[in-house]
Structures are given as structure tokens and as C-alpha cells.
Amino acid sequence: MGANTEVRSTPHGAATLPKKIHPAHVLRGEGFDGPSPTVAAPSERRTEEESERNAAFGSPSHQDVELPQTGQVEPTDCTHTAVQPSPSECPTARNGSDGSWIALINFFRIVFLYLCSAVIRGRFIESQGAIEKDGKPLTPPPEQPAVDHSRRAVRLTGAALALRAHFKRTGAQGFLNMMIALLEKALELRPQPHPDRVSSLTELAIALSDRYNRSGSTHDLQKRICLLTEALELCPPGSPFRSDSLNNLACSLGDRYHRSGSLDDLHERVRLLTEALELDPPGSPARASTLSKLANALRDRYRRSGASEDLEEMMRLLTEALELRPMGDPHRANSLNNLGNAFSMRYSCSGSMDDLGMAVRLYAEARDLCPPGDPLHVCILNNLADNLSNRYDRLG
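Conventions and cut-offs
- All residue numbers refer to positions counted from 1 along the written sequence of the respective chain.
- Local features in a predicted model are, by the rule used here, given only for residues with pLDDT of at least 70; side-chain atom pairs are given and counted only at 80 or more, and totals for whole chains, interfaces and linings are based on all residues.
- Working from all heavy atoms in the structure, the side-chain values ignore hydrogens and water.
- Per the convention used, a helix needs a DSSP run of H or I reaching at least four residues, while a strand needs a run of E reaching at least two, with both numbered from the N terminus.
- Residue count minus one, scaled by 1.5 Å, sets the expected span of a helix.
- Each residue's exposure class comes from its accessible area (1.4 Å probe, protein chains only) as a fraction of the maximum for that residue type: buried when under 20%, exposed when over 50%, partly exposed otherwise.
- Each axis is a line fitted through C-alpha atoms, and for a helix only the stretch in contact is used; angles between axes span 0 to 180 degrees, taken between their N-to-C directions.
- For classification purposes, angles smaller than 35 degrees are called roughly parallel, those larger than 145 roughly antiparallel, those between 65 and 115 roughly perpendicular, and all remaining angles oblique.
- Left-handed describes a crossing in which the near helix is turned anticlockwise from the far one by less than a right angle; the clockwise case is right-handed.
- Two residues qualify as a contact provided that any one of their heavy atoms is within 4.5 Å of a heavy atom in the partner residue.
- Under the scheme applied here, ten amino acids are nonpolar (Ala, Val, Leu, Ile, Met, Phe, Trp, Tyr, Cys and Pro), four are charged (Asp, Glu, Lys and Arg), and all others, including Gly, are polar.
- Each salt bridge in this description consists of a side-chain nitrogen of Lys or Arg and a carboxyl oxygen of Asp or Glu lying within 4 Å of one another.
- Disulfides are defined as pairs of cysteine sulfur atoms found within 2.5 Å of each other.

Got a sec to walk through helix H8 (residues 242–260)? Specific residues and values, please.
The end-to-end C-alpha separation of H8 is 27 Å, in line with the 27 Å expected for 19 residues at 1.5 Å each. Arg 242, Ser 243, Ser 245, Leu 246, Asn 247, Leu 249, Ala 250, Ser 252, Leu 253, Gly 254 and Tyr 257 are the residues of H8 that are buried. In the stretch just after H8, Gly 261 is the one whose phi turns positive, near 75°.

So this is what it looks like as C-alpha cells:
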């Protein structure tokens, strides 16, 4: 038979003449003449279909029936050649199980979009103050004030100062490191233009100075100078803290000068202390300390340059500092020792016995005021012994 034929059986099992049909009509049930057959029950339909298959393929006289050749592979067993629609050819079979999932996904998508629109709409209404309750419009809640970290910064600073006391008493490096960590956190909580930022900068710089004196870390020294430079910038002329900021930065530059020997640091140190001295009025308790610091800076510059102007200015400043520290002042012995050093230096240049005699007298008074056991006491004794030796060499 041809490729596009159909074999139909009669009730008596005899085969009728084949009729050509289009292959596409096999699944649609088209290509049959005569009235449509009566729809039988599912069990009856299955019986009729099985009988038709048996009549068409089960009989030995009809094994030469050819299957459609277009797009199909000839099976090896004729009993399994019934055409089964694939899921891609039958939308009902493909969408039967997926339809419920698609409907569920669409449902949740609609719910999600509705909730989003409701939230956005509610926030907009609240922002406009259009929500009403009992006939009165509800105003939006007041904005929350910015979080004030001042109290926390104060607590951190207080804890750091307590750790400093422990460090001074025990000398444990752990207390010093913890103190620096707390002061760094306090500084972060006081950004510009916080009124207490200068205080935090200074406290942290002092802590770094303590650690630098213990370890000699260049990193701590550089960071300390950066902090004090910022503190000075935040204290313009007229600020009550400018004098202290000038003194602190000058001392840090002095430490860096003694480490590197940079003349720029030395000149800047002298300039800062000169300005700080102008801000300290005569008779001020802080003036004596500034006078001594400036005199020490001029002494260092005199040793580098040998300029007699620096030596004479140093002696004048130390004389004024001694006058501001009368008898009973705890720093008088230090002032006496510093002025004795100045006279001793001038004696080395001029050879004047008056300068040598004045140096011996100042050292002797300082020795009497400084109690034994004080580190300064040993220094004073050494200076006095050297000058007495020089006088003996001159007088015999």
C-alpha cells in the first residue's frame, strides 16, 4: 500500500479498500467519508481501537502495510507503531501541570505589586499630612534630632585620663595603648566644627608624646605634629587656646629637630615660641614657661650658628623667667640651673671671670633648692663641679 493509506476493518474482520488521506489528518480525525461515528463509552472506544489495530497490523496478511515515511523512522516491531503525540504537539498535555503553577505565580505577583503600591501611597499621604483621624489632619512625626555623641566622647576622654593615671603609676605599656585607642574614638566623635575638637586633638597628641618618649616611634612623632598643626589652625588669632597650641607644636618640632637636625624645624620652633610669648602678658603664670622654652630654642640655634645675638637674647629671657619664679616656686631650681648654663656658655666664648663666678653662684643655689633623689639634682651637681674645676684652673 501507499504511504498515505488507512486500513479499516469491518465488523466481520475483513479489510475494506484503502483510502488515501493526508498525514496531517491522522491526529485531527479528518479525511473520512460518511457521517461521524457515534461516540462510544471510553471502554468501548478502547475496544474498537484495539480491534482496528489488530485487524490492521496483527494479521499476517497485512504485515506489508507501510507507515508514513515523512519525518518518521520505520519501527522494527509493528506492534509498537501507534502514533503518540509529543508534549510539544499537544498543548493540553504540556500545560496541564504547568498551568496551576503559572496561575499561582501570577497571583503572588499581583499581590506583591499591590502591597508595594499601597506602601508608596501611604508614605506619600503621610508626608503630605493628608491622613485624617476624627476629622483632624494628622501631621507627620517630627524629625528626629541628630544623635549627640558629646556625652560619649566625654566618657571616653574620662576613661582615657584614668588610664593615664594608671600608666603614670605603673608604667605599663598596655594602659598607654588603651588610652590612645579611647582618645582616637573620642576624636572621631568630635568632627569639625565641634567646639571640643581642639581639646581632643591636644589630648591625643600628649598621649602620643608619652608613647614616643617610651618607644621613639617616628610614626607617633609625625602623627603628633599633624594633630597639633590642625589644633593650631582651629585656634585663629584671638582664640584663648592659641598660646597653648603654639607651645605644644613648638615642643613637637623641637623633638623632631633633635632627631633629624633640620634647621627648618628649628627656625619654625623659634617663630612659634616668639608668637606665643607675645600672647602671654607680663606676670602671667604661663609666661615663665614660654620664656624658658624660647631660650632653649635659641640655645640650640646658637650652638648651630654661633650667633652672639641668640646667646644674648637667651640670657635676657632666662633672667626674666627667674624673676617670675621667686623663692618657694617649685620650678625655681630649674630656672637657676638654666641661667647658670647660659653664663657658663658665655664664659666659654669670652673667658670672663664674672660670668664664671655668676654660673657657680647660680648652680650652688639651685643645689640647695633641689632635694636629693631628684634627677635634676644630679645634673646640677655635675654642672657645679665642672665650673668649679674651670675656676680652679684659672685661679689655682
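This is not the end of the story, as more comes after the structure.
Account for unusual backbone geometry, naming residues and giving values.
Here the residue pair Gln 192 and Pro 193 is connected by a cis peptide bond, since its omega of 5° sits within 30 degrees of zero. The topology assignment puts Pro 193 in the loop between helix H5 (173–188) and helix H6 (197–215).

I'd love a proper account of the packing of helix H11 (residues 308–323) against helix H12 (residues 332–350), names of residues and values included.
Packed helices, taken two at a time, are described by the angle their axes make and the gap between the axes. Interhelical geometry of H11 versus H12 gives an angle of 155° and a closest axis separation of 9 Å. Considering their axes alone, H11 and H12 lie roughly antiparallel with respect to each other. Taken as a pair, H11 and H12 cross one another with a handedness that is left-handed. Where H11 abuts H12, its residues Leu 311, Glu 312, Met 314, Met 315, Leu 318, Thr 319, Ala 321 and Leu 322 lie against Arg 332, Ser 335, Leu 336, Asn 338, Leu 339, Ala 342, Phe 343, Met 345 and Arg 346. Split into classes, the residues belonging to the contact of H11 with H12 amount to 11 nonpolar, three polar and three charged.

Describe the pattern of salt bridges, naming the residues involved and giving the relevant values.
Applying the stated criterion across every chain yields a total of 20 salt bridges. Among the salt bridges present, the one from Arg 197 reaches Glu 230, with a minimum N-O distance of 2.9 Å. Of the two residues, Arg 197 sits in helix H6 while Glu 230 sits in helix H7 (residues 218–233), which places them 33 residues apart along the sequence. As far as the burial class goes, Arg 197 and Glu 230 line up, both buried. For Arg 316, the salt bridge is made with Glu 320, and the minimal N-O distance between the two is 4.0 Å. With Arg 316 and Glu 320 both in helix H11 and four residues apart, the pair spans about one turn of that helix. The network of salt bridges with common partners includes Arg 242, Glu 268, Arg 271 and Glu 275.

An account of helix H9 (residues 263–279) is needed here, citing residue identities and associated values.
For H9, spanning 17 residues, the distance from its first C-alpha to its last is 25 Å, which sits close to the expected 24 Å at 1.5 Å a residue. Within the sequence span of H9, burial applies to Asp 265, Leu 266, Arg 269, Val 270, Leu 272, Leu 273, Glu 275, Ala 276 and Leu 277.

Give a description of the state of the cysteines that names residues and reports values.
Note on terminology: disulfide describes a covalent bond linking the sulfur atoms of two cysteines. Following the criterion strictly, the structure yields zero disulfides and no others. Here Cys 370 is not cross-linked by a disulfide; its sulfur's nearest cysteine counterpart is in Cys 379, at 9.3 Å. For Cys 379, a relative accessible area of 34% puts it in the partly exposed group.

Go over the environment of Leu 189, please, and point to the residues and values.
Summarising the element assignment, Leu 189 is placed in the loop between H5 and H6. Placed 38 residues apart in sequence, Leu 189 and Arg 151 show a C-alpha to C-alpha distance of 9.8 Å. Aside from chain neighbours lying at most four places away, what touches Leu 189 is His 149, Arg 152, Ala 153, Leu 156 and His 194.

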